[in-house]
Amino acid sequence: MTASSDPRQPLPKDICKDVGERKCLCYAVAASSRNSVRVNGPSEYRSEMALWAKAQSLPAEALQQVRAIYTDRFPIEVRHFLAPWIEEKMWCLEIETHNPHHEQYAASIVADLIHLLESKANSMNSEDLLTSKYKLMDFANAVKQRYARSPLDLFRVVRHCLNSELKVIQQVENVSMGPITPGTGLMVDAAAEIAQQVDVLRHRTTETGTLLRQMEQEQENFALHYHECTKLKAHLQHLQSQLMNQQNIELEKTVRRQKDISEQTLNQKVSSLLRLRLQLADKLSESVTHLVTLQCRVLDDELIRWKREQQLAGNGAQFNSNLDFIQDWCESLAEIIWLNRHQIKELERLKQKFPLEPPGVVDVLPNLNIKVTELLSSLVTSTFIIEKQPPQVMKTNTRFTSTVRLLVGGKLNVHMTPPQVKATIISEAQANALLKNDIVAKGEAGGQILNNTGTMEYHQATRQLSVSFRNMQLKKIKRAEKKGTESVMDEKFSLLFQSQFSVGGGELVFQVWTLSLPVVVIVHGNQEPHAWATVTWDNAFAEPGRIPYAVPDKVSWCRVAEALNMKFHSATGRPLSEANLCFLAEKAFGNPNMSDLQNQMLTWSQFCKEALQDRSFTFWEWFYAVMKLTREHLRGPWMDGLILGFIRKKQAQDMLVATNTTSTFLLRFSDSELGGITIAWVGDGEFGSQVFMLQPFTHKDFAIRSLPDRIADLQHLVYLYPDIPKDQAFSKYYTLLDDQPTSNNGYVKPFLVTHVPGWGGPGPCSTPSNPNTPPHMFQAPSPEAGSARDTPSVASHVSDSVYGSVDYDQFPQQFPQLWAYT
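Keep in mind it's a predicted model, so treat the numbers as computed, not measured. (Residues numbered from 1 in each chain as written. Predicted model: local features only at pLDDT ≥ 70, side-chain atom pairs only at ≥ 80, totals over all residues. Heavy atoms only, no water.)

J.: Hey, could you go over the overall build of the protein for me, with residue numbers and the actual values?
T.: Helix and strand content of the protein: 25 helices and 21 strands. Out of the 822 residues in the protein, the part that is buried amounts to 46%. Counting every atom, the protein has about 40,500 Å² of accessible surface; 51% of that belongs to carbon and sulfur. (Helix = DSSP H or I, 4+ residues; strand = E, 2+ residues; numbered from the N terminus. Buried < 20%, exposed > 50% of the residue type's maximum accessible area, 1.4 Å probe, protein only. Areas by Shrake-Rupley, 256 points an atom, 1.4 Å probe, with all protein chains shown as cover.)

Set out below in structure tokens:
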């Protein structure tokens, strides 16, 4: 760590200048789409003092916590010299770091950052700014190398630092506004706290290194004095063996006096050496104890949390990966552990040279050596992780990818002999045996994977040691015997990644392995919905430290609702409302009068095994089909709130009748057809206003013509519930017709319209090129070569028939011409 980023040292002079007048002048970026970038920073820091200025005014203890946040990954010098620009462009603007649509804009911001860094560095010509100048130039080069292809990763790093800084400021402000409870310390961000603890351990390791060198010097001095004392003893013995005359007697007295002084000095040196040895052993013991605590926090808290968030991301949760920060902590731990291990071994070596033990003192060095080696082993094996998981629903004979990474590979120089990594697929039983015995259960392999070996490579720019499997393919899979109602889509497998490497010139050899998240293997697309049910349930409800891959048979509805909302929000862009979730609960439990939903328990069988009442499909199959339809064909209208969707038929009828306005319509998901959406509208019937419902549209229909275009075709639909003109709601989704009446081959290009007999002709946006052509002559276009169509068999004068779902007792009398086509 450089002096400028050391929280124990004062900031350089050039960073200690007053920055109190800086403001964070955030601006809004003009947006023309739903993926636009918007201003989204804490308002108090946009309108008042800039965040960095507030940080500089913190008390000394809190300022040290802020300084500890910034490492070489985002140096404090960059934070200081570009503070207003960083807060304005990289913090306050709502660039979604998980949204690929924002990557291009983020890339332009990163390019501006590089330009500003280089310009600022070139303007620093005074000697007291020389260190900061080199720091800015180094970071500019690092940004070019690390983030050129992944600019959003830099935003994650910067925002993590700024948010950590903000937390420290807010905590200080909250503490200053009220009394401090005795014994209540200042709670800091985890990253800053870990960075502080790493820094303390580095300092302790430096101290023990200094003590070790001091002890080695004193031991060398002791050896010299011991040699001199031995010579004096030998000389004295020689004199005593000689004829004793006056001269020899005087010489003997002199030598004896020198010997006594030398022995006294030796005794003092022995006492000093023993004290120093005990002091050093105690300090090394304390360092190892602190290392154990910090490593448990990094591995058992932060890394396990990262893995859990990675698993929830499989269900659609937002995943702001902080893996680079975890790697920084793990690399620091690896470096400190290795240094402490070296110091313990050096102390043992020095002790062997001077094998003197004070009485009653237990030698702690052997146990320390074992403990610190175990720490290193645990760190290495735990940081062999899957950065990019393989697909959790895996289809045979289909290419898939995965990336494995060793977080401490760079510090331990593992890349000097690049390790090979092999991937295999194992069953749930084999995974269980592996975790119990650290060996894979004997027997046949769980399956065969092509292109399943790779060599880890070290990327200097990102300091990452990893291997990406880009062309793996599952060729065969071995199934287990099924029991009861189990199906192949209930069976879970896992990809096992294994490797071996050595550190310290072959001194330590590590066998490492890691398991992927559970994988369900399918051979046909129609198995996909149930497979995703298995994966979704596992991702949502897996308990920490479980036996592979045990999950609860029933969970509370509130947890199920959270999982369904997460899944639907990720797929469609808009979360489910409380009313939506209540509707889903009623459907899942088969009870329209549900109460106290929070305490209701939903079983796995109710979730995806038992068919819904009077239906041939399960709750999950219905939900999954609706989600897929919305994601692929209805995302825009759903995000705009134009689709009510999750609403009972009777409730829809009551709502429409209550408007007392004919031609008002709403959109609801079909109860009777998987992945169907129907249009319900109010029309004039024999007995006054009456609600009609079209036969549900499915993805096959929308592959031919979109829902907004179909709504535009139907002139009798005027207002979207409750009173929104349909063109106002849907016009931005209409397909614009080609002005050219003929195609390149000279033929007139036809187009498709939706028409309900008895309810008027096509809407205005679908007016044909020849206005004199009667509506009933519209013909559906022939499918293009290679495309597939699945349209109902209807009379030739109807281009795209859609039928009413109404009261069939009154239907023939009201609409005889429509009845003829049903």
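J.: Can you lay out the environment of glutamine 237 for me, pointing to particular residues and giving the numbers?
T.: With respect to the helices, strands and loops of the structure, glutamine 237 is situated in helix 9 (residues 190-240). Residue classification places glutamine 237 among the exposed positions, given a relative accessible area of 55%. Linking glutamine 237 and valine 255, residues 18 residues apart in sequence, is a C-alpha distance of 10.0 Å.

J.: Pulling in residues and values, what's your account of the pairing of strand 11 (residues 493-503)?
T.: For strand 11, a buried count of 8 out of 11 residues is recorded, marking the element as mostly surrounded by other parts of the structure. As paired elements, strand 6 (residues 420-427) and strand 11 share 7 bridges and run antiparallel to each other. Counted as the bridge partner of lysine 422 is glutamine 498 from strand 11. Where strand 11 lies against strand 12 (residues 508-515), 8 bridges are found, and the strand directions are antiparallel. The residue bridging glutamine 500 from the neighbouring strand is glutamine 511, located in strand 12. (Pairing = 2+ DSSP bridges.)

J.: Give me helix 7 (residues 130-147): which residues, what numbers.
T.: For helix 7, spanning 18 residues, the distance from its first C-alpha to its last is 25 Å, which sits close to the expected 26 Å at 1.5 Å a residue. Those residues of helix 7 that fall on the buried side of the exposure criterion are Ser132, Lys133, Lys135, Leu136, Phe139, Ala140, Ala142, Val143, Arg146 and Tyr147. (Expected span 1.5 Å × (residues − 1).)

J.: Before we move on, can you summarise the packing of helix 3 (residues 60-69) against helix 9 with the specific residues and values?
T.: Two numbers describe how helix 3 lies on helix 9: the axes approach to 8 Å, and their chain directions differ by 90°. With respect to helix 9, the axis of helix 3 lies roughly perpendicular. Judged by residue contacts, Gln64, Gln65, Ala68 and Ile69 of helix 3 engage Ala192, Ala195 and Gln196 from helix 9. When its residues are assigned to classes, the contact of helix 3 with helix 9 shows 4 nonpolar, 3 polar and no charged. (Axes fitted to C-alpha atoms, helices over the stretch in contact; angles between N-to-C directions. Parallel < 35°, antiparallel > 145°, perpendicular 65-115°, else oblique. Contact = heavy atoms within 4.5 Å. Nonpolar A, V, L, I, M, F, W, Y, C, P; charged D, E, K, R; others polar.)

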